[in-house]
Structure formats: structure tokens, C-alpha cells
Amino acid sequence: MRSKTVLRLAAGTVAAGAAALAYASLVERNMFTLRRFDVPVLAPDAEPLRILHLSDLHMTPGQHRKQRWVAELAGTDPDLVIVTGDNMAHVDAVPAVVRALTPLLDRPGAFVFGSNDYHGPVFKNPFGYFNKNKPYVQGATLPAEELRDLLTGSGWADLNNARTTLKAGGRSIELVGVDDPHVDRDDYDAVAGPASADADLRIGLAHSPEPRILDRMADDGFDLLLAGHTHGGQVAVPFYGALVTNSGLDRRMAKGLHRWPYSEAYLHVSAGLGTHPTAPVRFACPPEASILTLIPR
């Protein structure tokens with residue numbers, strides 16, 4: 001009798017695991033979700049300003065549903081579009097990324113790249129993400145320069161280790177960004193310095209939300225810090241959250257809006273819209289884009 005009970009429990013566990021895997025790979029990873037947050041970083045009496053934050057598309061040519069969903073975000077009427085990297089997951093992905101972004105390219109925009117804009121995916125052991133010292137393995141070279149030229153040619157600001165000021169929503173916005181800190185492409189020293197007191201808003205960008213970079217941006221007086229990379233953990237535990245962030249960021253800040261510790265800055269981490277192609281699952285963490293409505297402090 002006891003052996004039959006054990007067998008039933010084992011069979012039930014296997015069935016539940018198979019159902020969860022099917023849900024994570026076939027359902028939730030395609031449940032594109034628009035998040036909305038109010039961020040109190042503007043001067044008193046300022047009119048709200050809307051930012052669309054996109055990250056981690058990990059686009060492949062055949063992902064037509066994702067391309068259509070992103071394109072339809074133009075209907076949210078953002079004042080500014082920010083993209084925080086990992087746009088591609090295939091050597092032929094540039095046309096697919098451009099199809100997704102084209103309706104947004106007539107808005108003011110800015111971007112930084114992630115490691116998966118430069119090199120394609122390779123198979124990874126999912127448990128390797130718990131090893132902070134795992135080596136970075138590069139895949140096939142991706143057409144990052146082609147994508148960069150298309151985005152800058154549409155008027156978007158390239159903030160990979162760069163700093164600029166642009167106009168959006170009738171406001172002067174100072175932006176600073178770094179190339180991906182996850183693979184040590186960042187050079188904040190080249191762009192460091194106090195944020196302009198004359199700007200209406202100051203925003204810092206990085207693909208990977210590494211505290212060593214976010215601390216410096218906050219210390220320089222940037223009001224809002226935007227990042228991606230974490231996928232919100234990609235697989236989360238209900239009522240617990242992300243198990244890992246694949247960065248130096250605390251797992252409790254793996255996605256969403258947070259006050260950056262010991263500063264006046266806010267951090268928004270996008271859980272992103274894609275998955276690593278060799279691990280196409282999401283659980284308790286659907287793919288997302290975010291509308292950040294900036295309001296007076």
C-alpha cells in the first residue's frame with residue numbers, strides 16, 4: 001500500500017511539473033503585458049510626462065506576434081521611448097526589430113545595448129545563473145552596427161557610454177548611459193559628472209542594473225535610472241519572487257519600480273519581453289513593457 005502511495009505521489013509530481021513546463025513555455029511567455037507606474041520625479045506643478053520603457057526583446061525573425069504587440073504600443077502615445085538593450089537573438093533579427101519599433105521611431109528616443117545585441121545566444125545550463133563567477137561565453141556575432149545605424153538614423157540617441165540632452169514632451173531631458181556592464185563594456189568615467197540643474201529631468205540608462213553603475217548615476221544627481229537584463233528572474237516563485245537576477249542587483253528589485261537606496265533616485269527594471277532562445281519559458285513573470293508616468297514629487 002505504501003509503495004502505491006509513493007508511486008501516485010511521484011506520478012502526480014511529474015504530471016504537475018509537465019503541466020507547469022507546458023504553461024511556462026506555451027502560454028505565459030506569450031502573455032505580453034503592459035505595466036504602468038507613476039514616478040514622482042518632476043518639479044512641483046509640472047505636467048506629467050510619459051516614458052515607454054522597452055527591454056530584452058530577444059527578437060527572432062519568426063516572432064510576428066511579439067513584433068505586432070510592440071508596434072501597437074505606439075497607441076500609448078509616449079513622450080519618450082527608452083530601450084535598454086538585448087534586442088536581438090538571431091543574426092537575421094534586425095528587420096524584425098525594426099518592424100516592431102518603426103511606429104515608435106517618430107517619437108524622441110534613446111537606447112543602450114546589451115551583450116545579446118553584439119553576440120547571439122548559446123546553450124546555457126539554467127542552474128549556471130546561480131554561479132556569480134561563471135564565464136561569459138559568446139555566440140555568433142550579431143549585426144549591432146546595422147541596428148545602431150538604423151536607430152540613430154531615425155533620430156534616437158545612442159547612449160552607450162555617452163551623454164546628451166534632448167527635448168521630449170516640451171521638456172529638456174538630460175540622459176546618460178553606459179554600454180553593457182554585465183560584460184564590462186561600460187565606461188562611466190567617460191561620461192561622469194554632476195547632472196545639469198537646468199534640465200527638467202535627468203535619466204540614467206544601463207542594460208544590466210549593476211549597483212556600481214547605478215550608485216554613480218544616483219550620486220551624480222540623475223532622477224530616474226532605467227535598466228533591463230534580469231528578465232524579472234524569468235522563473236519566479238509565487239509570493240517570493242525572482243530566484244536570481246544574473247547581476248549584482250538584489251533579487252527583491254528584479255523588476256518594477258523601486259527607490260534606489262540612500263539616494264533621491266528611482267530605479268525601474270523592466271522584466272523584458274523575451275526569453276533566452278535555449279530556455280523559452282516564463283513562470284510567474286510574464287513578458288512586459290512599461291509606461292512610466294512621471295509626476296511632480
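It should be emphasised that the depicted structure is a prediction, and the values quoted were computed from it without experimental measurement.

1. Digging into the overall build of the protein
Argument step 1. Broken down by element type, the protein carries six helices and 14 strands.
Argument step 2. Considering only contacts within the protein whose residues lie at least 6 apart along the sequence, 74% involve residues at least 24 apart.
Argument step 3. As presented, the protein carries roughly 13400 Å² of accessible surface, and 57% of it is formed by carbon and sulfur atoms.

2. Overview of the nonpolar core
Argument step 1. By size, the foremost hydrophobic cluster in this structure holds 31 residues, and its most contacted members are Leu52, Leu54, Val70, Leu101, Leu104, Trp156 and Leu273.
Argument step 2. Beyond its immediate stretch of four places on either side in the chain, tryptophan 156 contacts Val81, Val83, Leu101, Leu104, Leu105, Arg107, Pro108, Gly109, Ala110, Phe111 and Leu151.
Argument step 3. One finds Val41, Leu42, Ala168 and Tyr266 within the second-largest nonpolar core, a separate group that totals 24 residues.

3. A closer look at the sheet that holds strand β14 (residues 288–296)
Argument step 1. With respect to topology, six strands assemble into an open sheet ordered β1-β14-β2-β3-β4-β5, the strand pairing being mixed. With partners counted over all chains shown, the strands left at the sheet margins are β1 (33–42) and β5 (157–158), one partner each.
Argument step 2. With four bridges connecting them, strand β2 (residues 49–54) and strand β3 (residues 80–83) associate as parallel partners. In the strand pairing of β3, leucine 54 is matched with valine 83.

4. Examining unusual backbone geometry
Argument step 1. Its identity is not glycine, yet aspartate 77 carries a phi of approximately 55°, on the positive side.
Argument step 2. Looking at the element boundaries, aspartate 77 is found in the loop between α2 (64–71) and β3.
Argument step 3. Residue classification places aspartate 77 among the partly exposed residues on the basis of a relative accessible area of 49%.
Argument step 4. A positive phi is found at histidine 231, a non-glycine position, where the angle reads about 60°.
Argument step 5. Here histidine 231 is to be found in the loop between β9 (224–227) and β10 (236–237).
Argument step 6. Under the relative-accessibility criterion, histidine 231 is labelled buried at 8%.

5. Concerning the confidence of the model for the protein
Argument step 1. Taken as a whole, the protein shows an average pLDDT of 90; of its residues, 86% reach a score of 70 or greater.
Argument step 2. Residue range residues 6–19 is modelled with pLDDT below 50. Its contacts to residues more than four positions away, or to other chains, number zero contacts.

Rules used in this analysis
- Residues numbered from 1 in each chain as written.
- Predicted model: local features only at pLDDT ≥ 70, side-chain atom pairs only at ≥ 80, totals over all residues.
- Heavy atoms only, no water.
- Helix = DSSP H or I, 4+ residues; strand = E, 2+ residues; numbered from the N terminus.
- Contact = heavy atoms within 4.5 Å.
- Areas by Shrake-Rupley, 256 points an atom, 1.4 Å probe, with all protein chains shown as cover.
- Core = buried A, V, L, I, M, F, W, Y, C linked by side-chain atoms within 4.5 Å.
- Buried < 20%, exposed > 50% of the residue type's maximum accessible area, 1.4 Å probe, protein only.
- Pairing = 2+ DSSP bridges.
- pLDDT = per-residue confidence, 0-100.

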